[in-house]
Amino acid sequence: MPEIQPVPLPPLGAEEISTACDYCVVGCSYRVWRWKVGAGGTANTAVPWANPSQHNIVQWQGQPHHVLVLPDPHARAVNPKGNHSMRGGTLAQKCYNPTNKTRERLTTPLLRVKGELQPVSWDTALDIMAAVSTHVLKRHGEHAWGVKAYSYQYFENTYAITKLALDAIGTPAFAPHDKCANSNDAAGLDDAGLEAFAPAYEDWGACDVLFLSGTDPFETKSTLFTSWIMRGEVPGKTLIFATPHRSMGVAWAEKRGGLWLPVIPGTDTLLHNAIARVIVERGWQDQAFIERWVAKRWEVDQGYGRGTRNTPSQWRTTWGTWQSDWDDFRQFLLSRDEHRLEHAARITGVPAALIERAAVLLARPRADGTRPKASFMLEKGNYWSNNYMNSASFAALGLICGAGNRKGQVIGRGGGHQRGMISSPGNPDWLSPEKHPGRRKKPLNLDRWLMDGQLRFAWVFGTTWIGAMAASDELERHIDRLTRGSPQQPQQATVAAAVTALIARADAGGMVLVDSDIYPVEPLGTRYADIILPAATWGEADFTRCNGERRLRLYNRFCDAPGQAQPDWWAVQGFVRRMGFGDKFAWKNSSDVFEEAARHSRGTPYDYFELVEQARRERVTGHEYLRRLGGDGIQTPVWRQGNSIAGTVRLHDPLTRQGEPGAFRNKLLSAFNTHSGKAMLLKTPWNFPGWSEFYAAVQPRSEKQELWITNGRINEVWQSGFDDIRKPYTATRGLPQMLFMNPEDARMRGIETGDRVRVSNDMVYVQTGMPFGVTESEMNFNSLLAAGHIRITQGSFEAVAVLDPGMRPGVAKAGFNGRGSHANAVCHAVPDPMTNNYRYKLGRGRIERLAAAAEKFDLKGSSLKPRGLA
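Predicted model only: the values in this text are computed from it and were never measured.

**Student:** Got a minute to help me understand the overall build of the chain in this structure?
**Tutor:** From N to C terminus, the chain includes 28 helices and 29 strands. Over its C-alpha atoms the chain spans a radius of gyration of 26 Å, differing by no more than 12% from the 29 Å that the globule rule assigns to 870 residues. Taken along its principal axes, the extent of the C-alpha atoms in the chain is 70 × 65 × 65 Å. For the chain, the share of sequence-separated contacts (at least 6 apart) that also reach a separation of at least 24 residues comes to 76%. For the chain, the computed accessible surface area is about 29,300 Å², with 50% contributed by carbon and sulfur atoms. Separation of charge centres in the chain, based on 103 positive and 88 negative side chains, amounts to 1 Å.

Following this line, the structure appears as structure tokens:
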């Protein structure tokens, strides 16, 4: 371990700068103290205690400065009194400092010449990109030019990126960091009329019972758990977890009367419907809420007329398989045998007594006739297994319990990243060759488009792409073939030579790859990218975004970016100027981007248009107005209130004011997001072929001794660990890819904690081609297989085994997007036909012991203990 150095206190008069955490969706408020190295003066003893991981030395205006990055002791809204997570507690160490491993930051553009990356100027890099792009668009069309980008890394960047891709270029070849297509995360919530981030944090604290599906907020959203779920208005609330892993939050809940429903991956839909059946059979549903806020049959179709129902949401919610009202939904629950307790218990693996107990806790009225206030939180363990049906059935369960639009009675996502996407107008989905049944619009699957050789130029922003996608080994093989495997490689670091070689590659069926990031990304940047652009990140520019309760803040700049690193919006602007449409991107600074994007936020959950209008009335920039609001910021949608503005605590709440007469009215404030303003109940039949055929095909094979291989996150690691492997405090612990196994599953394979194991799947399914949906059955797994649209590949990864009695038997869990060891290699790249989203949680694999890992004997490294400590 490195020697611990004393932490200097800032002198009186040191600058104080407001910001928020760069990591998880909670977005805790932080405060930065900055002062010049060598500055004297009296120490400010009023500054909160700081540990060494909260201090760093950075460059500011070219001079070395101390910074302390501490949770804001005056925070009221998100992390009251300065609560924080382990991740946020090391924020200072993510800042660039050439004396530690953050020296690996990208500081200049790079061009791959003769297989090696060489420094070049921004002008050279952008000139090459523009020349090659101009040729690709002219010769191969906008479909051949694509973008893979984060959806969270600040409004200024995402607006610029989407304005480039969807508007200026007009390409359908666009996908966010965690999806293969430009689709919604939890479409079942959307179709029910529920905005995924409608709840406020206070709602999770104000409920009597909280049902958590596919998430443990302690592991992934620590401050939300410790400040709001453990405490809040009702600190004695009961927690119900539906997850195959008894992790820390689950163990804490069980000790306090909560439930753990150890569900088999993929069966959550049936679990939800079985709980709902018990509730309805016993008459415990919130009938008054249903009568007032659930759409009748005629209201489901309201506003559609005789149109084609061309959007995915219109098509799904007016199609008989899913469409329902209360009477029909009730009949659906009670008429199907798989919803009976004994049947559901057999399929889900959750004992019937626990299913029944969950129904009692969620909905049984008290002796005085009052109902428990129940709230419902879901995350990726839910919607990344059976995407549409899990999220739709989850919404229905919450609605019949009276949740959705009241304090302490809400339905929503817990969240992963913060909410940093404001998309430019422009929706080129109609150009996608993929179609839903009936030839309805369907976003293009970018992974499949690449693997089929249709993508000739790809610009990647801030994502690992390969490790984050299903069938990652197969995806990497194709990226290798199209880039490094091409004979057309630049031989000189000049614009002319590089353009000639890269155009020749594109014309020969290869692909040109550009990667914008803060570090060299393995393997996308280190092996395959032709051009790498250095990005400025948190703390190095003024940025904005919302957190998981739509709280908008300014993330203030407080240090210099290293070398020539620039914000991604700046790189986009430099590129489009060379493409000939720079007049559409005429921004002078990041606040200009923020203000332009405001009008495109209108009507969305992140609507801040009135904030920018108020700033203009007060003759300040949008960023400056937001700076005045400090760490507590304002919750969107923002609406006008007299001579000022107000925020929105929760969405869909009928008690929310609508703003001043004549002001833009955002429907989400006080009604559900449907034509009628009422929520929709959606049926989710377990035997729907679009699901059941796929689920039957991906079951672990007993003859191969396979287990379900799911994935998740642990508290100590953020994303792929790109910061954690470089921050001095976390780097000393190491970041091995771990595989949590039930002890009996491990014993049968001769595996102990600390052993290095290989997980392999010799039948990874990958959907190919662009099947043109005419009828529903054509999109089901068996039809795709028969038509030759399913390719069988192989995938594997290595990990360090951790024996954990909290893992349900038959299931093992790896870290999601583990650095250098991708658990998604054993997952199938066959998206949900209803939503075009992958089902990352349904991998399978054979596990074999390789040898004892070094971590087995390293007492100073990462803990290999079970997670269920409370």
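Structure's up, so let's keep going.
**Student:** Would you mind showing me how to read the sheet that holds strand β21 (residues 634–635) here?
**Tutor:** The pairing of strands in a sheet happens through backbone hydrogen bonds and is either parallel or antiparallel. Strand order in the open sheet made by the 3 strands is β19-β20-β21, with antiparallel pairing throughout. The open sheet has two free edges, formed respectively by β19 (543–546) and β21, since each of these has just one partner strand. One ladder, built from 4 bridges, connects β19 with strand β20 (residues 551–555); its direction is antiparallel. Paired with R545 across the two strands is R553, which belongs to β20.

**Student:** Teacher, can you tell me more about the pattern of salt bridges here?
**Tutor:** Should their charged atoms come close, side chains of opposite charge can pair. Applying the stated criterion across every chain, the model contains 61 salt bridges. For R105, the salt bridge goes to E540, with nearest N and O atoms at 2.8 Å. Linking R105 in the loop between β4 (63–71) and β5 (110–113) with E540 in the loop between β18 (531–534) and β19, this pair joins segments that are 435 residues apart in sequence. Assigned by exposure class, R105 and E540 land together as buried.

**Student:** Please explain the sheet that holds β18 as it appears in this structure.
**Tutor:** Pairing is mixed across the open sheet formed by 7 strands, whose spatial order is β6-β5-β18-β17-β16-β7-β8. The open sheet has two edge strands with one neighbour each: β6 (116–119) and β8 (174–176). Taken pair by pair, the neighbouring strands of this sheet meet at an average axis angle of 20°, ignoring direction. Where strand β17 (residues 512–517) and β18 come together, 4 bridges link them in parallel fashion. Across the sheet, V514 pairs through a bridge with I531, a residue of β18. Strands in contact with helix α1 (residues 122–140) are β5, β7 (145–149), β16 (457–461), β17 and β18; relative to β18, the strand with the most contacts, it is inclined by about 130°.

**Student:** Would you mind showing me how to read unusual backbone geometry here?
**Tutor:** Residues apart from glycine generally show negative phi values, whereas peptide bonds are mostly found in trans. Here the bond from E522 into P523 is cis, since omega is -10°, no more than 30 degrees from zero. On the secondary structure map, P523 appears in the loop between β17 and α20 (524–528). With an omega of -5°, the peptide bond between T636 and P637 qualifies as cis. Its identity is not glycine, yet K81 carries a phi of approximately 65°, on the positive side. Here K81 is to be found in the loop between β4 and β5. According to the relative accessible area criterion, K81 is exposed, its value standing at 76%. We note that Y154 has phi near 85°; this positive angle belongs to a residue other than glycine. Residue placement: Y154 occurs in the loop between β7 and α2 (155–169).

**Student:** Can you walk me through the packing of α1 against helix α19 (residues 495–507) in this structure?
**Tutor:** Think of two packed helices as two axes; the pair is described by the angle between the axes and how far apart they sit. The interhelical angle for the contact between α1 and α19, taken along N-to-C directions, is 30°, at an axis separation of 9 Å. In this view, α1 runs roughly parallel relative to α19, as classed from their interaxial angle. You can see that α1 and α19 cross each other, and the crossing is right-handed. Only V495, A498, V499, L502, I503, A506 and D507 of α19 make contact with α1, whose side of the interface consists of T124, D127, I128, A131, V132, H135, V136, R139 and H140. Looking at side-chain class alone, the contact of α1 with α19 contains 10 nonpolar, 3 polar and 3 charged residues.

**Student:** Hey, could you run me through helix α18 (residues 472–482) in this one?
**Tutor:** Every α-helix carries 3.6 residues per turn, so stepping three or four residues along brings you back to the same face. Across the 11 residues that make up α18, a large majority, 8, are buried. Within α18, burial applies to S472, D473, E474, L475, E476, H478, I479 and L482. Each element contacted by the buried residues of α18 is listed here: α17 (446–451), α19, β17, α20, β26 (755–767) and β27 (790–803).

**Student:** How do you make sense of empty space enclosed by the protein when you look at a structure like this?
**Tutor:** A water-sized probe, rolled over the atoms, reveals where empty space remains. Under the defined criterion, the tally for this structure stands at 8 cavities of 30 Å³ or more. Estimated volume of the largest cavity: approximately 660 Å³. Lining of the largest cavity is provided by 41 residues; of these, Y152, G462, Q719, S720 and F722 occupy positions nearest its centre. Of the residues that constitute the lining of the largest cavity, the class distribution is 15 nonpolar, 15 polar and 11 charged. Roughly 460 Å³ of internal volume is contained in the second largest cavity. At the level of elements, α5 (217–220), α15 (380–383) and β24 (706–712) are the ones that each hand at least two residues to the lining of the second largest cavity. The class makeup of the residues in the lining of the second largest cavity is 7 nonpolar, 14 polar and 10 charged. Residue-level mapping places the lining of the second largest cavity at the junction of two domains, with at least three residues from each of domain 3 (187–418) and domain 5 (689–856).

**Student:** Looking at this structure, how should I read the domain arrangement of the chain?
**Tutor:** Much of the literature gives interface size as the accessible area that the parts lose upon coming together. Each assigned domain of the chain is listed with its residue range as follows: domain 1 (15–95), domain 2 (110–183 + 443–555), domain 3 (187–418), domain 4 (587–665) and domain 5 (689–856). Once you take the C-alpha centre of each, domain 1 and domain 3 turn out to be 38 Å apart. At the interface, 16 residues of domain 1 touch 16 residues of domain 3. In this assembly, domain 1 packs against domain 3 so that about 1,100 Å² is buried in total across both faces, 50% of it on carbon and sulfur atoms. The largest share of the area that domain 1 buries against domain 3 comes from V25, V26 and N83, three residues that together contribute 49% of it. Summed over the shared surface of domain 1 and domain 3, the number is 0 salt bridges. In this structure, the connection of domain 1 to domain 3 is made through 9 residue pairs in polar contact (both at pLDDT 80 or more). Across the side of domain 1 that touches domain 3, the residue classes break down as 9 nonpolar, 5 polar and 2 charged.

**Student:** Whenever I open this one, the nonpolar core confuses me. Can you help?
**Tutor:** Soluble, globular proteins show a tendency: their nonpolar side chains are buried together. I275, W459, Y608 and L611 are the most contacted members of the largest nonpolar core, which totals 235 residues. At 9 residues, the largest contribution of residues to this core is made by helix α16 (residues 387–400). In contact with L611, other than residues within four places in its own chain, are L552, F594, G622, Y625, L626, L629, I634, V638 and I645. In this structure, L739, M741, V759 and A814 belong to the second largest nonpolar core, which totals 17 residues.

**Student:** Can you help me understand the pairing of strand β12 (residues 374–378) in this one?
**Tutor:** Walk down a regular strand and you will see the side chains alternate between the two sheet faces. β12 sits mainly inside the fold: 5 of its 5 residues count as buried. Across the two faces of β12 the burial is the same, with A374, F376 and L378 and S375 and M377 all buried. Direction of pairing for strand β9 (residues 209–213) relative to β12: parallel, over a ladder of 5 bridges. Following the sheet pairing, S213 is matched in β12 by L378. Inspection of the sheet shows β12 paired to strand β13 (residues 411–413) by 3 bridges, in the parallel sense. Note that in β13 the partner of L378 across the bridge is R413.

Parameters at a glance
Residues numbered from 1 in each chain as written. Predicted model: local features only at pLDDT ≥ 70, side-chain atom pairs only at ≥ 80, totals over all residues. Heavy atoms only, no water. Helix = DSSP H or I, 4+ residues; strand = E, 2+ residues; numbered from the N terminus. Rg over C-alpha atoms; globule rule 2.2 N^0.38 Å. Contact = heavy atoms within 4.5 Å. Areas by Shrake-Rupley, 256 points an atom, 1.4 Å probe, with all protein chains shown as cover. Lys, Arg positive; Asp, Glu negative; His and termini not counted. Charge placed at Lys NZ, Arg CZ, Asp CG, Glu CD. Pairing = 2+ DSSP bridges. Salt bridge = Lys/Arg side-chain N within 4 Å of Asp/Glu carboxyl O. Buried < 20%, exposed > 50% of the residue type's maximum accessible area, 1.4 Å probe, protein only. Axes fitted to C-alpha atoms, helices over the stretch in contact; angles between N-to-C directions. Parallel < 35°, antiparallel > 145°, perpendicular 65-115°, else oblique. Left-handed = near helix turned anticlockwise from the far one by under 90°. Nonpolar A, V, L, I, M, F, W, Y, C, P; charged D, E, K, R; others polar. 1 Å grid on protein atoms, 1.4 Å probe; cavity = no way out; pocket = protein on both sides within 12 Å on 5 of 7 lines; lining within 4 Å. Points joined across faces, edges and corners; volume = space filled by probe spheres on them. Domains from an automatic or database assignment. Buried area = accessible area lost by both parts, 1.4 Å probe. Polar contact = N/O pair within 3.5 Å; in protein donor to acceptor, adjacent residues only side chain to side chain. Core = buried A, V, L, I, M, F, W, Y, C linked by side-chain atoms within 4.5 Å.

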